[in-house]
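# Topology and contacts: notes
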Amino acid sequence: MKSKIVLLGPPGSGKGTQGEKLSEEMGYVRLSTGDMLREAVRNGAELGMKAKGYMDSGALVPNDLIIDLMKEKISTLEPGTGVIFDGFPRTVEQADALGEQIEIDLALNLDVADCELVERLTKRRSCPECHCVFHLTHNKPRQEGVCDKCGSPLYQRDDDCDETVCNRLEVYRKNTLPLIDYYERKGILVTVEGTGKMDEIFAKVKEAVR
Ligand code: AMP
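None of these values were measured; they are calculated from a predicted model. (Residues numbered from 1 in each chain as written. Predicted model: local features only at pLDDT ≥ 70, side-chain atom pairs only at ≥ 80, totals over all residues. Heavy atoms only, no water.)

### A few points about the site of the ligand
The line we're drawing: One heavy atom suffices: a residue is near a molecule or strand as soon as one of its heavy atoms comes within 4 Å of it. Definition of a polar contact: a pair of N or O atoms within 3.5 Å, with one able to donate and the other able to accept a hydrogen when the atoms are protein atoms, and with sequence-neighbouring residues admitted only if both atoms are side-chain atoms. Only the protein chains shown count as covering a residue, and every accessible area follows the Shrake-Rupley method with a 1.4 Å probe. Only DSSP runs of H or I covering at least 4 residues are called helices, and only runs of E covering at least 2 are called strands; the numbering of each starts at the N terminus. Ten residues, namely Ala, Val, Leu, Ile, Met, Phe, Trp, Tyr, Cys and Pro, are considered nonpolar, four, namely Asp, Glu, Lys and Arg, are considered charged, and the remaining ones, Gly among them, are considered polar.
Near the ligand lie 16 residues; those nearest to it are Thr 33, Arg 38, Ala 59, Gly 87 and Gln 94. With respect to the ligand, the side chain of Arg 157 contributes an N or O atom lying 3.1 Å from an oxygen atom. Considering the ligand on its own, with 480 Å² of exposed area, one finds that the protein chains cover 96% of that surface. The leading source of residues in the shell around the ligand is helix H2 (residues 33–42), at 4 residues. Split by residue class, the shell around the ligand holds 7 nonpolar, 4 polar and 5 charged.

### Here we look at the packing of H2 against helix H3 (residues 46–57)
Any two packed helices are characterised by how steeply their axes cross, that is the angle between the axes, and by the distance between the axes. Using the following cut-off: Fitting a line to C-alpha atoms yields each axis, with helices limited to the stretch in contact; the angle taken between N-to-C directions then spans 0 to 180 degrees. Roughly parallel covers angles under 35 degrees, roughly antiparallel covers those over 145, roughly perpendicular covers 65 to 115, and oblique covers all other angles. Should the near helix be turned anticlockwise from the far one by less than a right angle, the crossing is termed left-handed; should it be turned clockwise, right-handed. Whether two residues touch is decided by their heavy atoms; if any such pair falls within 4.5 Å, the residues are in contact.
Two elements in contact, H2 and H3, have axes whose closest approach is 8 Å; the angle formed by their N-to-C orientations is 115 degrees. Between H2 and H3, the crossing angle belongs to the class labelled roughly perpendicular. Viewed along their axes, H2 and H3 form a crossing whose handedness is left-handed. Note on element contacts: H3 touches H2 through Leu 47, Gly 48, Ala 51, Lys 52 and Met 55, opposite Gly 34, Leu 37, Arg 38, Ala 40 and Val 41.

### Things to note about the side chain of Asn 63
Residue placement: Asn 63 occurs in helix H4 (residues 63–75). In this structure the side chain of Asn 63 is engaged in a polar contact, spanning 2.9 Å, whose partner is the side chain of Thr 91. Those residues in contact with Asn 63 that lie beyond four places of it in its chain are Thr 91, Glu 93 and Gln 94.

### Describing the sheet that holds strand E3 (residues 83–86)
Here is the rule we go by: A pair of strands is considered paired only if DSSP assigns at least 2 bridges between the two.
Strand order in the open sheet made by the 5 strands is E2-E3-E1-E4-E7, with parallel pairing throughout. Single-partner strands in this sheet number two, and they are strand E2 (29–32) and strand E7 (189–193). Geometrically, the sheet is characterised by an average inter-axis angle of 25 degrees between neighbouring strands, direction not taken into account. Note: strand E1 (residues 4–8) against E3, 4 bridges, orientation parallel. In the strand pairing of E3, Ile 5 is matched with Ile 84.

### Quick look at a negative patch on the surface
Note the threshold: Patch definition: residues with relative accessible area over 30% and no salt bridge; like charges joined within 9 Å; nonpolar side chains (Val, Leu, Ile, Met, Phe, Trp, Tyr) joined within 5 Å. For this document, the term salt bridge refers to a Lys or Arg side-chain nitrogen within 4 Å of an Asp or Glu carboxyl oxygen. Counted charges follow a simple rule, with Lys and Arg positive, Asp and Glu negative, and His plus the chain ends left uncounted. By convention, the point assigned to a charge is CZ for Arg, NZ for Lys, CD for Glu and CG for Asp. Only protein chains enter the accessibility calculation, which uses a 1.4 Å probe; a residue whose area is less than 20% of its type maximum is buried, one above 50% is exposed, and one in between is partly exposed.
A surface patch of like charges, here negative, comprises Asp 64, Asp 68, Glu 72, Glu 93, Asp 96 and Glu 100. Contributions of two or more residues to the negative patch are made by H4 and helix H5 (92–101). Turning to its location among the elements, Glu 100 is positioned in helix H5. A relative accessible area of 66% places Glu 100 in the exposed class.

### Details of the nonpolar core
This is how it is decided: In these notes, a set of buried Ala, Val, Leu, Ile, Met, Phe, Trp, Tyr and Cys residues joined through side-chain atoms within 4.5 Å is what counts as a nonpolar core.
Ranked by internal contacts, the top residues of the largest apolar core, which has 27 residues, are Val 6, Leu 8, Leu 37, Phe 85, Leu 98, Ile 104 and Tyr 183. Not counting the four nearest positions on each side in its chain, Leu 37 is found in contact with Leu 47, Ala 51, Met 55, Val 61, Ile 66 and Leu 69. Listed in part, the 15 residues of the second largest apolar core include Ile 5, Leu 110, Val 192 and Ile 201.

### Notes on H3
Heads up, the rule is: The directions from the helix axis to the C-beta atoms form the arc being described.
If you check which residues of H3 are buried, you get Gly 48, Ala 51 and Met 55. In a view along the axis of H3, the buried residues occupy a sector of 80 degrees, so they form one face of it. Relative to its buried face, H3 has exposed residues pointing more than 90 degrees away, namely Glu 46, Met 49 and Gly 53. Taken from the residues just after H3, Gly 58 is the one with a positive phi, measuring 85 degrees.

### Regarding the environment of Thr 164
Structurally, Thr 164 is set in helix H7 (residues 162–176). Overall, the relative accessible area of 8% leaves Thr 164 in the buried class. Thr 164 sits 107 residues away from Ser 57 along the chain, and the two C-alpha atoms are 5.8 Å apart. Among all residues touching Thr 164, those that are not within four sequence positions of it are Met 55, Asp 56, Ser 57, Gly 58 and Asp 159.

### Overview of unusual backbone geometry
Phe 88 connects to Pro 89 through a cis peptide bond whose omega is 0 degrees. Tracing the backbone shows Pro 89 in the loop between E3 and H5. At His 131, a residue that is not glycine, the phi angle is positive and equals roughly 70 degrees. Mapped onto the elements of the fold, His 131 is located in the loop between strand E5 (124–126) and strand E6 (133–135).

Given below as structure tokens:
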């Protein structure tokens, strides 16, 4: 089984959902820089104050802040822990820094057409506590506005509004898309079609991880 996994794919491609499922079913530790940053914003931490403006506009938070954050998290992992990096790296500089810390053995790229991403993101509702995500049409919570898993009130992320979503996709194309070639050259890239039924996608994801 692969042990150090990077999840690649544009915003809305399902990295959070698939990463969470892998973590639940197979025991991986999921490290999501987006979740860590949102938590820092909620807690009024210094990192959150520095990051908020970038996040709200859909821009990337500067590499040095993110790299320091991840180095700190990686240093707390028990040796041999299976890890999934979700939303990190997003630039070649971050990928180089990660490679210096840890040997990645799989880069799993979720491929979803652009036209579907906007619909997924603007209708996404998220749980601030357990990070479960729902969709207003395709994956409704059992009770409107309430997380199925932990019962917390769902919210719409500030950056899931129309204007910011387009910018995030642009930022992805410019900064993060090159990582597909980056990991392909290392011989560890697997691309999975990220459209269709969630369980079918997860079956393909599990196959790639084994
Ligand atoms: P996400 O939840 O992964 O979509 O991330 C939400 C926002 O957090 C992004 O739009 C960026 O502003 C910021 N962010 C998360 N991860 C990174 C990263 N690896 N590098 C730079 N900015 C990040």
